[in-house]
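# Descriptive analysis of the structure
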Amino acid sequence: MPNDRAALGAFLRSRRDRLTPSQAGIEPFPGARRVPGLRKDELAVAAGMSPDYYSRLEQGRQRNVSSDVLDALARALRLDEVERAHLHDLAAPLTRSPSAGPRAGRHPDAGLLRVMRTLDHVPVLLLGRRGEVLARNALLTEVLGSPLEPGASFVRFMFRDPAARARIVNWSDFASATVATMRRETARHPDDRRLTALMDELRSTDADVARWWEDQTVRDYASVEKHVRHPTAGPMSFAIEVVGAPHEPDQRLVVYTAEPGSPTAHALAVLAGSNAVPRH
């Protein structure tokens, strides 16, 4: 059974709209332009396929799509590595029956927990593929102002907990990246009904989630900066680093790093005084 061809078409359309003929390295075709970026026939020619074939693909009427075709489209659309992988996932056939995926990320990876226990001087969070909290240390809850108990949804925290918007200074940057990451995960795990239900719920109740979801941006977990306004420690700046485990690819250890000797590192040392104990 093919994956959701409507999602594939929507992604192709969004990437086509953002790329002009000059950016694609082609001369614009003659005639009126009714789209902000490439026309369908321009993209088809740039990717080396017939306009009719590409039109069927974008409209969701082409069931089977080869890797060569997808790679040609990725090159023509100037997709980055994450977008290219997302395109392939959207076009891939499902190999499992739809399920809630109850086992996904249920138990924290032992190796990642061991790493976490050595990092009691910085905030650390272990996440499953749906953004569920598998473990965290006390500094994480102190910095973000939320208990984030194991089993809680970090994605819901970002959009439902007032502490997220109050404490994270660059909340919109971080929140939009969270949506883009979850869009990537839904294509990677199209059979995960719980993940799909989570994003459907947030899209229907939060205008920011709906807007960011519709722009089709995708990203993998990546290093980003987070600026926090702590009520007693003051401004804090972190580089967020993400660590994976070879045997648990759906789990990621999220580490809030601070430059040694920086005001943030000093503030963390004060906050860690009595309660930086890992929880899991």
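About the thresholds
Counting restarts for each chain: residues are numbered from 1 in the order of the written sequence. Residue-level local features of this predicted model are given only where pLDDT is at least 70; pairs of side-chain atoms are given and counted only at 80 or more, and the full residue set underlies all totals for whole chains, interfaces and linings. To obtain the side-chain values, all non-hydrogen atoms of the structure were included, while hydrogens and water were left out. Helix numbering and strand numbering both begin at the N terminus, where a helix is a DSSP run of H or I of at least 4 residues and a strand a DSSP run of E of at least 2. Only protein chains enter the area calculation, which uses a 1.4 Å probe; residues under 20% of their type maximum are buried, those over 50% are exposed, and those in between are partly exposed. Residue contacts are counted whenever heavy atoms from the two residues lie within 4.5 Å of one another. In this description, accessible areas are obtained by the Shrake-Rupley approach with a 1.4 Å probe, and a residue is regarded as covered only by the protein chains that are shown. Under this rule, positive means Lys or Arg and negative means Asp or Glu; His and the chain ends count for nothing. All charge positions are set by atom: Lys at NZ, Arg at CZ, Asp at CG, Glu at CD. By salt bridge we mean one thing: a side-chain nitrogen of Lys or Arg within 4 Å of a carboxyl oxygen of Asp or Glu. Think of it this way: a Phe, Tyr or Trp ring, Trp meaning its six-membered ring, pairs with another when their centres are within 6.5 Å, and the plane angle makes it stacked under 30 degrees, edge-to-face over 60, tilted otherwise. Two conditions define a charge sitting above a ring: the NZ of Lys or the CZ of Arg must be within 6 Å of the ring centre, and it must be within 35 degrees of the ring normal.

### Some details on the overall build of the chain
- For the chain, the count of helices and strands is 14 helices and six strands.
- With the C-alpha coordinates aligned to their principal axes, the bounding extent of the chain is approximately 70 × 40 × 35 Å.
- Taking all 280 residues of the chain together, 48% fall into the buried category.
- Taking as baseline every contact in the chain between residues at least 6 positions apart, the subset at least 24 positions apart corresponds to 59%.
- Carbon and sulfur atoms make up 53% of the accessible area of the chain, which totals about 13500 Å².
- Distance between charge centroids for the chain: 4 Å, based on 39 positive and 35 negative side chains.

### Description of the pattern of salt bridges
- Applying the stated criterion across every chain yields a total of 24 salt bridges.
- Close ionic contact of Arg-18 with Glu-83 constitutes a salt bridge, the shortest N to O distance being 2.9 Å. Here Arg-18 is found in the loop between helix H1 (5-17) and helix H2 (21-24), whereas its partner Glu-83 is found in helix H6 (residues 81-91), with 65 residues between them in sequence.
- You can call Arg-18 partly exposed: its relative accessible area is 40%.
- Look at Glu-83 and you get buried, because its relative accessible area is 5%.
- In this structure, Asp-89 and Arg-184 form a salt bridge, with 2.7 Å as the shortest nitrogen-oxygen distance. Separated by 95 residues along the polypeptide, Asp-89 in helix H6 and Arg-184 in helix H11 (residues 171-188) bring together distant segments of the chain.

### Topic: unusual backbone geometry
- Look at Arg-78: it is not a glycine, yet its phi comes out positive at around 60 degrees.
- Looking at the element boundaries, Arg-78 is found in the loop between helix H5 (67-76) and H6.
- Of the residues examined, Arg-78 reaches a relative accessible area of 46% and is grouped as partly exposed.
- Even without glycine at this site, Leu-148 takes up a positive phi of about 45 degrees.
- Tracing the chain through its elements places Leu-148 in the loop between helix H8 (138-144) and helix H9 (154-160).

### Some points on the packing of aromatic side chains
- According to the stated counting rule, one finds five aromatic pairs in the structure shown.
- Consider the rings of Phe-159 and Trp-212, whose centres lie 6.4 Å apart with planes at 55 degrees: the pair is tilted. Here Trp-212 lies in helix H13 (residues 207-214) and Phe-159 lies in helix H9, a separation of 53 residues in the sequence.
- Their ring planes at 50 degrees and their centres at 5.9 Å tell us that Trp-171 and Trp-212 sit as a pair that is tilted. Placement of the pair is Trp-171 in helix H11 and Trp-212 in helix H13, with a sequence separation of 41 residues. Taken as a pair, Trp-171 and Trp-212 share a single burial class, namely buried.
- The rings of Phe-159, Trp-171 and Trp-212 are connected pair by pair, giving a single aromatic cluster.
- Positioned over the ring face of Trp-171 is Arg-165, at 3.9 Å from the centre of the ring.
- The positively charged end of Arg-183 is found above the aromatic ring belonging to Trp-213, 4.2 Å away from the centroid.

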